[in-house]
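Observations on the three-dimensional arrangement
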Amino acid sequence: GRSGEYAAQVERFRARYRARRDALLAGLAAHMPPGCEWTEPAGGYFTWLSLPEGLDTAALLGPAEAAGVSYIPGAKFHSDGGGQRRLRLAFSLYAEADLVEGVRRLADVIAAAR
């Protein structure tokens, strides 16, 4: 390839993923109910959301999917039986507006479960 072509392509992808990450983070800040916390990833394709005490992300997956949203429950990433309040959200594959709408729907599911 021509000199600089690969680097330019990498930068285009980085900019796209950064915009999607930022849209997801803005949606979380705007819509998540009190008691929720999330990571602000410096890289990668995921953020982690922690729900308030007493909520189980595995139990909420069905209602979330019925609302048109999906995630991976945190317990799948813990061999010690932990992670029930955590979930992993992917942002690399979705348009910014879809991410914000998905977060809004997820926030409604979480608020209804409290």
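Note: the structure precedes this text.
Described below are features of the structure shown in this document. It should be emphasised that the depicted structure is a prediction, and the values quoted were computed from it without experimental measurement.

1. Quick notes on the packing of aromatic side chains
Here the structure, examined in full by the defined rule, presents 3 aromatic pairs. Between Phe13 and Tyr17, the ring centres sit 6.2 Å apart and the planes meet at 20 degrees, which makes this aromatic pair stacked. Separated by 4 residues within a single helix, Phe13 and Tyr17 lie in helix 1 (residues 5-31), roughly one turn from each other. For Tyr17, a relative accessible area of 23% puts it in the partly exposed group. Between the aromatic rings of Trp48 and Phe77, the centroid separation amounts to 5.0 Å while the plane-to-plane angle is 85 degrees, which identifies the pairing as edge-to-face. A residue pair is termed long-range when its members are at least 10 positions apart, and Trp48 in strand 2 (residues 46-50) and Phe77 in the loop between strand 3 (72-73) and strand 4 (86-90) qualify at 29 residues. The partly exposed category is assigned to Phe77, whose relative accessible area is 40%. Of the aromatic side chains, those joined through ring pairs into one cluster are Phe13, Tyr17 and Tyr45. The cationic tip of Arg88 hangs over the ring face of Phe46; the distance from NZ or CZ to the ring centre is 3.6 Å.

2. Observations concerning the side chain of Arg20
With respect to the helices, strands and loops of the structure, Arg20 is situated in helix 1. Look at Arg20: it is buried, it has no salt bridge, and the nearest opposite charge is Glu96 at 4.8 Å. At a separation of 2.4 Å, a polar atom in the side chain of Arg20 contacts the main-chain carbonyl oxygen of Ser92.

3. Observations concerning the packing of helix 1 against helix 3 (residues 96-113)
Helix-helix packing is described using two parameters, namely the angle between the two axes and the distance between the axes. It is the contact of helix 1 with helix 3, at a shortest axis distance of 8 Å, that shows an interaxial angle of 30 degrees. Between helix 1 and helix 3, the angle is such that the two are roughly parallel. Between helix 1 and helix 3 the crossing geometry is right-handed. Side by side, helix 1 and helix 3 meet where Ala19, Arg20, Ala23, Leu24, Gly27, Leu28 and His31 of the first sit next to Glu96, Leu99, Val100, Val103, Arg104 and Ala107 of the second. When the residues that make up the contact of helix 1 with helix 3 are grouped by side-chain class, the tally is 8 nonpolar, 2 polar and 3 charged.

Definitions and cut-offs
- Residues numbered from 1 in each chain as written.
- Predicted model: local features only at pLDDT ≥ 70, side-chain atom pairs only at ≥ 80, totals over all residues.
- Heavy atoms only, no water.
- Phe/Tyr/Trp six-rings, centres within 6.5 Å; stacked < 30°, edge-to-face > 60°.
- Helix = DSSP H or I, 4+ residues; strand = E, 2+ residues; numbered from the N terminus.
- Buried < 20%, exposed > 50% of the residue type's maximum accessible area, 1.4 Å probe, protein only.
- Lys NZ or Arg CZ within 6 Å of the ring centre and 35° of its normal.
- Lys, Arg positive; Asp, Glu negative; His and termini not counted.
- Salt bridge = Lys/Arg side-chain N within 4 Å of Asp/Glu carboxyl O.
- Polar contact = N/O pair within 3.5 Å; in protein donor to acceptor, adjacent residues only side chain to side chain.
- Axes fitted to C-alpha atoms, helices over the stretch in contact; angles between N-to-C directions.
- Parallel < 35°, antiparallel > 145°, perpendicular 65-115°, else oblique.
- Left-handed = near helix turned anticlockwise from the far one by under 90°.
- Contact = heavy atoms within 4.5 Å.
- Nonpolar A, V, L, I, M, F, W, Y, C, P; charged D, E, K, R; others polar.

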